[in-house]
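Spelled out from the first residue to the last, the chains are:
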Amino acid sequence: MKQRDVVQMNPAEVADFLTRQRSASVATIGRDGQIHLVGMWYAYLDGQIWLETKGKSQKAVNLRRNDRISFLVEAGQTYDQLRGVALEGRGTLIEDDPDQLWDVCVNIFERYTGPYSEEMRPFVEAMAKNRVLVRIDVDATRSWDHRKLGLPEMPIGGSSAASISEP
């Protein structure tokens, strides 16, 4: 069996991973073909990735011209703990659905801040102001979970180790 087959996540593992992680890297294609890569927070609703962004952001401008998008979430500080999900597909801009925008903004608020309540409405309203949605319509999913390899626990080492603090 190939190592790739061993470390690949099944759909339930992918969903669990995307539900639990916090930050993603999102890539779109600029006017000159250069990849535009940014870190983003995201919503994960009903098995789909959603982003909220300003309508004039570079990623929104890029998606209006070319809807190709890549999305990456990764975790793990050592080789034995590396895991990730990469999605490739189309970024569908949604600029006129206030109900969906609200749902996405509430999901993002709860993922990164805490439970939503009416007290928090002004914060979510500010978050949604002048925003558009990007729904990632996935054509391909790649995943890996090196914990499945059964390697011995590896210490965090190397020149970057001093900057890492694990919870």
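For the structure itself, consult the block above.
Below is a summary of the structure that appears in this document.

Among the residues of helix α2 (residues 11-20), Val 14, Phe 17 and Leu 18 are the ones counted as buried. Down the axis of α2, the buried set is contained in an arc of 95 degrees. They therefore lie on one face. For α2, the exposed residues set more than 90 degrees away from the buried face come down to Ala 12 and Arg 20. Looking at the buried positions of α2, the neighbouring elements they touch are β3 (43-45), β4 (48-54), β5 (68-75), β6 (83-94), α4 (98-112) and β7 (131-145). The backbone nitrogen of Ala 12 has a side-chain oxygen 3.0 Å away, supplied by the residue at the start of α2, namely Asn 10.

Let us now look at the side chain of Thr 28. Mapped onto the elements of the fold, Thr 28 is located in strand β1 (residues 23-29). Sequence-distant contacts of Thr 28, that is, excluding residues within four places in its chain, are made with Gln 34, Ile 35, His 36, Lys 59, Asn 62, Leu 63, Arg 68 and Ile 69.

Leu 18, Tyr 42, Ile 49, Leu 51 and Phe 71 are the most contacted members of the largest nonpolar core, which has 37 residues in total. If one sorts the elements of this core by residue count, α4 sits on top with seven residues.

Moving on, we come to the environment of Ile 164. Among the structural elements, Ile 164 can be located in the segment after β7. Judged by its relative accessible area of 26%, Ile 164 is partly exposed. Between the C-alpha atoms of Ile 164 and Gln 77, which are 87 residues apart in sequence, the distance is 8.1 Å. Ignoring anything within four residues of it in the chain, the contact list for Ile 164 reads Gln 77 and Ile 156.

Take the packing of α4 against helix α5 (residues 121-128) next. The interhelical angle for the contact between α4 and α5, taken along N-to-C directions, is 120 degrees, at an axis separation of 10 Å. Here the hand of the crossing between α4 and α5 comes out right-handed. Residues Leu 101, Trp 102, Cys 105, Val 106, Ile 108 and Phe 109 of α4 form the contact with α5, whose own contacting residues are Arg 121, Phe 123, Val 124, Glu 125, Met 127 and Ala 128. Here the residues of the contact of α4 with α5 sort into ten nonpolar, no polar and two charged.

Reading the values: the criteria
Residues numbered from 1 in each chain as written. Predicted model: local features only at pLDDT ≥ 70, side-chain atom pairs only at ≥ 80, totals over all residues. Heavy atoms only, no water. Buried < 20%, exposed > 50% of the residue type's maximum accessible area, 1.4 Å probe, protein only. Helix = DSSP H or I, 4+ residues; strand = E, 2+ residues; numbered from the N terminus. Arc of directions from axis to C-beta. Contact = heavy atoms within 4.5 Å. Polar contact = N/O pair within 3.5 Å; in protein donor to acceptor, adjacent residues only side chain to side chain. Core = buried A, V, L, I, M, F, W, Y, C linked by side-chain atoms within 4.5 Å. Axes fitted to C-alpha atoms, helices over the stretch in contact; angles between N-to-C directions. Left-handed = near helix turned anticlockwise from the far one by under 90°. Nonpolar A, V, L, I, M, F, W, Y, C, P; charged D, E, K, R; others polar.

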